[in-house]
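Spelled out from the first residue to the last, the chains are:
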2 protein chains.
Amino acid sequence: MERFVSSYVKKVDSKGRVSVPPPFRAILQRAGDEQIYSQLALETPSVMAGGAALLKMLESRMNEIDPFSQDYDDWAAHFYSGSDYLKIDGDGRIVVTDAIREYTGIDGEVVFAGRGISFHLWQPARFEDYMTGVRKRIAKKRELPKREEGALNE
Amino acid sequence: MERFVSSYVKKVDSKGRVSVPPPFRAILQRAGDEQIYSQLALETPSVMAGGAALLKMLESRMNEIDPFSQDYDDWAAHFYSGSDYLKIDGDGRIVVTDAIREYTGIDGEVVFAGRGISFHLWQPARFEDYMTGVRKRIAKKRELPKREEGALNE
DNA sequence: CAAATTTTTCCATGTTATTCCATATATGCC
DNA sequence: GGCATATATGGAATAACATGGAAAAATTTG
């Protein structure tokens, strides 16, 4: 399956329109997706997005939960209320909703960050901070178990 | 089956009229529903609503209870006395009843929150609080079992 | 039963969202 | 490096929608 790779910064115009990075657009198009499924991310002030493949993956995960549990209620709320279908228009653009803006802080520019089967939407500054943290955490982990004896530059 | 997805904020006019979000309206229309079945929610100060599919699901659940039990009496009371059919008028609007206002605190604006087979009506501020709680609970649960070995943010 | 009140339907208007188009910019290709 | 194609971007035209009020119908009340 094709993967969303790399990060792109895009401008948001006064009407909230953003053009989807062509590589991402191409992947969606080849998969037959005319809409982008989006969901507010749980751990970060960002939005997870992707095509039907992502949606399917998420749904199958949710279906493992007992439908009459409190747990399920929470997931259903998050899953359905916190989601959106963003239609890709004739010019390859989507519109970021108010809910997305508020949750992410997106306002003149947005980062499309590839994540494999999905990609995330970020406010640029927050994305940079997040990536810095990510790299630090990874480096730290590797220091102890591996680094001492392992490859120095890989 | 089509699902109610996303959340929409709508204004309530002085007569209690609210226009149903077009995406929800479209789903109901395609299913042939001209009325919205609504029921006071048990766990939260909101109203659960939906079309005939929802009603059918709820009824089948209730039919599993012994009709001569105390349990059944309670359910029947809740189910029938705490429900309403909200007619969708020619302009795609419904009227929120006094019972709904009192139970939910809805008063100038209302949130339509998608929930899959149903959607919920909320007073906006309360909905925001609720969703924040939902996300916290989910994130917390995920910390323990999976996070160490699993995907980082998907 | 008539009057008053509420509810519902109908209609007009303003607003918002979507689509379409034109231009500028960038990218890839030869 | 220059040409052809693709993309970004803003604005204008169009369509969809929200919203308030008036008219009509139904309901309640005295």
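Data block above holds the structure.
Residues numbered from 1 in each chain as written. Chains lettered and ligands numbered in written order. Predicted model: local features only at pLDDT ≥ 70, side-chain atom pairs only at ≥ 80, totals over all residues.

> Provide a residue-level description of the interface of chain B and chain A, including the pertinent values.
Taken together, the 18 residues of chain B in the interface contact 18 residues of chain A. Mapped onto the side of chain B that touches chain A, the elements with two or more residues apiece are β7 (109–114) and α5 (124–143) of chain B. No other element matches the six residues that α5(B) contributes to the side of chain B that touches chain A. Here the residues of the side of chain B that touches chain A are counted per class, giving seven nonpolar, five polar and six charged. (Contact = placed C-beta atoms within 7 Å. Helix = DSSP H or I, 4+ residues; strand = E, 2+ residues; numbered from the N terminus. Nonpolar A, V, L, I, M, F, W, Y, C, P; charged D, E, K, R; others polar.)

> So what's going on with the protein's contact with DNA strand D? Which residues, and what values?
Taken together, 18 residues sit near DNA strand D, with D13(A), S19(A), P22(A), D13(B) and P22(B) positioned nearest. Every element with two or more residues in the surface near DNA strand D is listed here: β1 (7–11) of chain A together with β1 (7–11) of chain B. Looking at the surface near DNA strand D, its residues break down into four nonpolar, four polar and 10 charged. (Near = placed C-beta within 6 Å.)

> How would you sum up helix α3 (residues 70–81) of chain B? Please name residues and give values.
A rise of 1.5 Å per residue sets the reference length of α3(B), with its 12 residues, at 16 Å; its end C-alpha atoms lie 16 Å apart and thus fit the reference within 8%. For α3(B), the buried fraction is low: zero of the 12 residues fall into the buried class. (Expected span 1.5 Å × (residues − 1). Buried ≥ 20, exposed ≤ 12 C-beta atoms within 10 Å, placed from the backbone.)

> Explain the nonpolar core to me, using residue names and the numbers behind them.
Formed by 33 residues in total, the largest nonpolar core has its most connected members in F24(B), A49(B), V110(B), F112(B) and L121(B). Residue assignment for this core shows that the elements contributing at least two residues are α3 (70–81) of chain A together with α1 (22–30), β3 (35–40), β4 (47–50), β7, β8 (119–122) and α5 of chain B. Among residues more than four places away in sequence, those in contact with F24(B) are F4(B), F112(B) and F119(B). F4(A), F24(A), L40(A) and V47(A) belong to the second largest nonpolar core, which has 29 residues in total. (Core = buried A, V, L, I, M, F, W, Y, C linked by C-beta atoms within 7 Å.)

> Which residues make up the pairing of strand β4 (residues 47–50) of chain A, and what are the values?
Residue and element names in this part refer to chain A. Burial of the side chains of β4 extends over both faces: V47 and A49 are buried on one face and M48 and G50 on the other. Here strand β3 (residues 35–40) pairs with β4 via four bridges, running antiparallel. Along β4, the bridge assignment pairs Q39 with M48. Judged from the three bridges that link them, β4 and strand β8 (residues 118–122) form a sheet pairing that is antiparallel. When the sheet's bridge partners are listed, V47 is paired in β8 with L121. (Pairing = 2+ DSSP bridges.)

> Could you give an account of helix α1 (residues 22–30) of chain A, naming the residues involved and the relevant values?
Residue and element names in this part refer to chain A. Every buried residue of α1 is accounted for by F24, I27 and L28. Buried residues of α1 fall within an arc of 95° about the axis and therefore sit on the same side. Opposite the packed face of α1, turned more than 90 degrees from it, sit the exposed residues P22 and R30. On its buried face, α1 sits against β3, β7 (109–115) and β8. Positioned one or two residues after α1, G32 has a phi angle of 85°, which is positive. (Arc of directions from axis to C-beta.)

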